[in-house]
Amino acid sequence: MFHVARYLRLSLENLAEAERFINQSLQLDPDNFEARLEKAIILISAGRVTEGSRLGQEIVSQGTSEQADKAFRNLLPMLLNAKAMEQAAALARAAHANPNSPPSVLKDAAWLLATLPDPAFRNPSLAADLYERIPAEERSMSGLLLIRAAILAGQGEFEAARIMAEKAREVGKKEGQDVFTESADKMVEAYSQGRLWHP
């Protein structure tokens, strides 16, 4: 039944009917991951961001590695597009709460919590904890070095953050990762001036 709800949401953009079908599906199987994720997507799409985000947080915090990854990848962009930074930060905290969160989710959650523009939602210490859970062999990649730089800056260690961002820039050049090189340039400039940077 959740396939009907997905069809109604994607093809017909009929969110009310999609929600009706997804609720029927969840009555039959309340633990169905796909149906629960679809309901969170429908709720956020319908403008009920807080309600959808709460369900998404449950899914991300309690799911398997694959479920946490799929839910996080689907819901985070929706929350960011809705400019729902509080809910996006809560989704990142849900990823932290799940010991099964895969490295891809840990990276994105750490980056988000280290670089959110609103200091009320930024959390460098939680970002640092997420970063430490990423396998050590991945931490020398340019994107991970940028996360570490943002965490250091968030903790007030601007000189160490600048050095880390410079290292990320060099590694990014070697990797051919222009996007990381550009971000690193902006971060080096901000950290040299003793200020935080956010995308």
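Just above sits the structure.
The present account deals with the structure reproduced in this document. (Residues numbered from 1 in each chain as written. Predicted model: local features only at pLDDT ≥ 70, side-chain atom pairs only at ≥ 80, totals over all residues. Heavy atoms only, no water.)

**A look at helix H8 (residues 124–132)**
- Taken as a whole, H8 has its buried residues at Pro124, Leu126, Ala127, Ala128, Leu130 and Tyr131.
- Looking at the buried positions of H8, the neighbouring elements they touch are helix H6 (85–97), helix H7 (103–115) and helix H9 (142–154). (Buried < 20%, exposed > 50% of the residue type's maximum accessible area, 1.4 Å probe, protein only. Helix = DSSP H or I, 4+ residues; strand = E, 2+ residues; numbered from the N terminus. Contact = heavy atoms within 4.5 Å.)

**Quick word on the nonpolar core**
- Counting 56 residues, the largest nonpolar core has Phe72, Leu75, Met187 and Tyr191 as its most contacted members.
- No other element matches the nine residues that H9 contributes to this core.
- Not counting residues up to four positions away in its chain, the partners in contact with Tyr191 are Ala149, Ala150, Ala153, Phe158, Ala161, Arg162, Ala165, Leu196 and Trp197.
- One finds Ala18, Ile22, Ala35 and Ile42 within the second-largest nonpolar core, a separate group that totals five residues. (Core = buried A, V, L, I, M, F, W, Y, C linked by side-chain atoms within 4.5 Å.)

**Some details on H7**
- The first and last C-alpha atoms of H7 sit 18 Å apart over 13 residues, in line with the 18 Å expected at 1.5 Å per residue.
- Within H7, the full set of buried residues consists of Val105, Leu106, Lys107, Ala109, Ala110, Leu112, Leu113, Ala114 and Thr115.
- Tucked inside the fold, the buried residues of H7 contact helix H5 (65–81), H6, H8 and H9. (Expected span 1.5 Å × (residues − 1).)

**Overview of the side chain of Glu138**
- Along the chain, the position of Glu138 falls in the loop between H8 and H9.
- A polar contact is formed between the side chain of Glu138 and the side chain of Lys107, at a distance of 2.8 Å.
- With near-sequence residues (within four places) excluded, Glu138 lies in contact with Pro103, Lys107 and Leu144. (Polar contact = N/O pair within 3.5 Å; in protein donor to acceptor, adjacent residues only side chain to side chain.)

**Here we look at the side chain of Lys107**
- In this structure, Lys107 sits in helix H7.
- In this structure Lys107 touches Ile134, Glu138, Leu144 and Ile147, once residues within four positions along its chain are discounted.

**Some thoughts on the packing of helix H4 (residues 49–62) against H6**
- Relative to each other, H4 and H6 sit at 15°, their axes nearing to 8 Å. It follows from the interaxial angle that H4 and H6 lie roughly parallel. H4 and H6 meet at a crossing whose hand is right-handed. Two secondary-structure elements touch here, H4 through Val49, Thr50, Ser53, Gly56, Gln57, Val60 and Ser61 and H6 through Gln87, Ala90, Leu91, Ala94, Ala95 and Ala97.
- Classifying every residue of the contact of H4 with H6 by side-chain character gives seven nonpolar, six polar and no charged. (Axes fitted to C-alpha atoms, helices over the stretch in contact; angles between N-to-C directions. Parallel < 35°, antiparallel > 145°, perpendicular 65-115°, else oblique. Left-handed = near helix turned anticlockwise from the far one by under 90°. Nonpolar A, V, L, I, M, F, W, Y, C, P; charged D, E, K, R; others polar.)

**Points about the environment of Thr64**
- Positionally, Thr64 belongs in the loop between H4 and H5.
- Judged by its relative accessible area of 37%, Thr64 is partly exposed.
- With 36 residues separating them along the chain, Thr64 and Asn100 place their C-alpha atoms 5.9 Å apart.

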